[in-house]
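Given next are the chains, with one letter for each unit.
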Amino acid sequence: MVKQPLTDDPQESLAHGGESERLPPRFATYFHIHLVSDSTGETLNAMARAVCARFTDILPIEHIYALVRSTRQLDRALEEIAGAPGVVMHTIVDPGLRAALEEGCRKLEMPCIAALDPVISAMSRYLGARISTRVGAQHALTNDYFDRIEALDYAIAHDDGQGGQDLTQADVILVGVSRTSKTPTCIYLAHRGVRAANVPLVPGRPPPQDLFELKNTLIVGLITSPDRLIQIRRNRLLSLKENRESDYVDADAVRQEIIAARRLFERMNWPVIDITRRSVEETAAAIINLLSGGRGKVEVLG
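Residues numbered from 1 in each chain as written. Predicted model: local features only at pLDDT ≥ 70, side-chain atom pairs only at ≥ 80, totals over all residues. Heavy atoms only, no water.

Enquirer: Help me out: how do you make sense of the overall build of the protein chain in this one?
Expert: Secondary structure summary: the protein chain contains 10 helices and 10 strands in total. Here the protein chain holds 302 residues, and 33% of them are scored as buried. Once local pairs closer than 6 in sequence are excluded, the contacts in the protein chain between residues at least 24 apart make up 72%. When the accessible surface of the protein chain is totalled, it reaches about 18,500 Å², and 52% of it is carbon and sulfur. (Helix = DSSP H or I, 4+ residues; strand = E, 2+ residues; numbered from the N terminus. Buried < 20%, exposed > 50% of the residue type's maximum accessible area, 1.4 Å probe, protein only. Contact = heavy atoms within 4.5 Å. Areas by Shrake-Rupley, 256 points an atom, 1.4 Å probe, with all protein chains shown as cover.)

Enquirer: Help me understand the nonpolar core in this model?
Expert: Core analysis: the largest hydrophobic core is formed by 22 residues, its most contacted members being Ile-173, Val-175, Leu-201, Leu-211, Ile-219, Phe-265 and Trp-270. Among the elements that take part in this core, helix α9 (residues 251-268) stands out by supplying five residues, more than any other. In this structure, Val-220, Ile-273, Ile-275 and Ala-284 belong to the second largest nonpolar core, which totals 19 residues. (Core = buried A, V, L, I, M, F, W, Y, C linked by side-chain atoms within 4.5 Å.)

Enquirer: What is the right way to read the pairing of strand β6 (residues 172-177) from this model?
Expert: Looking down a regular strand, the side chains alternate between one sheet face and the other. For β6, the tally of buried residues reaches six of six residues, placing the bulk of the element in the interior. Judged from the six bridges that link them, β6 and strand β7 (residues 196-201) form a sheet pairing that is parallel. Across the sheet, the residue bridging to Val-177 is Leu-201, located in β7. This β-α-β element, β6 to helix α6 (residues 182-191) to β7, shows right-handed connectivity. (Pairing = 2+ DSSP bridges. Right-handed = clockwise from strand over helix to strand, strands pointing away.)

Enquirer: Sorry if this is basic, but what is going on with the confidence of the model for the protein chain here?
Expert: Fine structural detail should not be taken from predicted coordinates in areas where pLDDT scores are low. The share of residues in the protein chain with pLDDT of 70 or more is 83%, and the mean pLDDT across the chain is 84. Confidence drops under a pLDDT of 50 for residues 1-22, and excluding neighbours within four residues, the segment shows 37 contacts in the predicted structure. (pLDDT = per-residue confidence, 0-100.)

Enquirer: Is there a simple way to explain unusual backbone geometry in this structure?
Expert: Excluding glycine, residues mostly have negative phi values, and the peptide bonds linking residues are mostly trans. Residues other than glycine seldom take positive phi values, yet Glu-109 does so here, at roughly 60 degrees. Unusually for a residue other than glycine, Asn-269 sits at a positive phi of about 60 degrees. Within the secondary structure layout, Asn-269 lies in the loop between α9 and β9 (272-274).

Enquirer: What is the right way to read the packing of helix α8 (residues 226-239) against α9 from this model?
Expert: Packed helices, taken two at a time, are described by the angle between their axes plus the distance between the axes. Between α8 and α9, whose axes approach to 10 Å, the crossing angle comes to 115 degrees. Where α8 crosses over α9, the handedness of that crossing is right-handed. Along its contact with α8, which presents Pro-226, Asp-227, Leu-229, Ile-230 and Arg-233, the element α9 presents Ala-251, Val-254, Arg-255, Glu-257 and Ile-258. Classifying every residue of the contact of α8 with α9 gives six nonpolar, no polar and four charged. (Axes fitted to C-alpha atoms, helices over the stretch in contact; angles between N-to-C directions. Left-handed = near helix turned anticlockwise from the far one by under 90°. Nonpolar A, V, L, I, M, F, W, Y, C, P; charged D, E, K, R; others polar.)

Enquirer: I would appreciate a short explanation of the side chain of Asn-45 in the present structure.
Expert: As for its position among the elements, Asn-45 is in helix α1 (residues 42-52). Residues within four places of Asn-45 in sequence aside, it is in contact with Leu-35, Glu-62 and Ile-64.

Enquirer: Where do I start with the packing of aromatic side chains in this structure?
Expert: Two descriptors summarise a pair of aromatic rings, namely the distance from one centre to the other and the angle between the planes of the rings. Per the counting criterion, the structure on display carries two aromatic pairs. For the ring pair Phe-212 and Trp-270, a centre distance of 6.1 Å and an interplane angle of 10 degrees mean the geometry is stacked. Taken as a pair, Phe-212 in helix α7 (residues 209-213) and Trp-270 in the loop between α9 and β9 lie far apart in primary sequence, 58 residues in all. When its relative accessible area of 6% is taken as the criterion, Trp-270 is described as buried. Residues Phe-265 and Trp-270 carry aromatic rings whose centres are separated by 6.2 Å and whose planes lie at 45 degrees to one another, so their mutual orientation is tilted. Pair check on accessibility: Phe-265 and Trp-270 agree, each one buried. An aromatic cluster of three or more residues is present, and its members are Phe-212, Phe-265 and Trp-270. (Phe/Tyr/Trp six-rings, centres within 6.5 Å; stacked < 30°, edge-to-face > 60°.)

Enquirer: Please explain the environment of Ile-156 as it appears in this structure.
Expert: Locating Ile-156 in the fold gives a position in helix α5 (residues 143-157). Along the sequence, Ile-156 and Cys-186 sit 30 residues apart, while their C-alpha atoms lie 8.5 Å from each other.

Enquirer: Sorry if this is basic, but what is going on with the UniProt feature "binding site: ADP" (unreviewed entry) in the protein chain here?
Expert: The UniProt entry lists Gly-176, Val-177, Ser-178, Arg-179, Thr-180, Ser-181, Lys-182 and Thr-183 under the feature "binding site: ADP" (unreviewed entry), expressed in the numbering used here. Along the chain, Ser-178 turns up in the loop between β6 and α6. Taking relative accessible area as the criterion, Ser-178 reaches 26% and is therefore assigned partly exposed. For Ser-178, the residues in contact, after removing those within four places along its chain, are Leu-201, Leu-229, Arg-233 and Tyr-248. Along the chain, Arg-179 falls in the loop between β6 and α6. Residue contacts for Arg-179: discarding those within four places in its chain leaves Leu-229, Ile-232, Arg-233, Arg-236 and Tyr-248. (UniProt positions renumbered as here; feature names shortened; annotations may be inferred.)

Dropping the structure here:
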């Protein structure tokens, strides 16, 4: 394992007056984690990240081996695993390949974890059903799959207020000032089969009138703290090699944008989600809960 200092978290190092003050460096333990899958590896990757997130200052170096369905592919994976000792997680279904992987890890003296086994075994016992050995069964071309593709097309076509009258087809519409994660949240929701559009709030320009005429569509306001928003916008400008100061990153102007957004959301009685310390996944989960549980009154979800 290798120990490396972590970059200071700007959220934790703000001193009085808004200036950054360097804190003593924190150290993280890096380790190799090998993810071996006979499918796309998405499930395994999500599980590994969820588990690693439970450990403080432990950062995985991920090695992903997807679509491993032959002995030759497995041998190549084992060669790479041998070169970077660590932990091996897998979702291999084929009994022969699974046994070969486990034997290879035993010889290398590395832990080999069958990630889905406990859940599958428990479900099998409860259902009294035989376990399928079909590879990639979760990626079958079902109606749900095509619904997700349509939702993704819809999100792309209705990004940043595009789409006009088609907003009536949305399951949810996200409204917020620039850089409040509207687009990535819509894309994530689309992967969950939710048709999501977003409408930006631009200073000096009223929102489209169509937005206020919708009757049966969930509309959610997204807000964040001024300091966080300015930081994100400055990073955006730097990525575009734009260094000029403007109202886009002016502290007073940004605060006024957020105040105006809050007033609009309150006036329209739209539910509000504060994304300041939320990931896109957490924001999407809150929106899905709103879709499932009804609109309710305005609530700032922090």
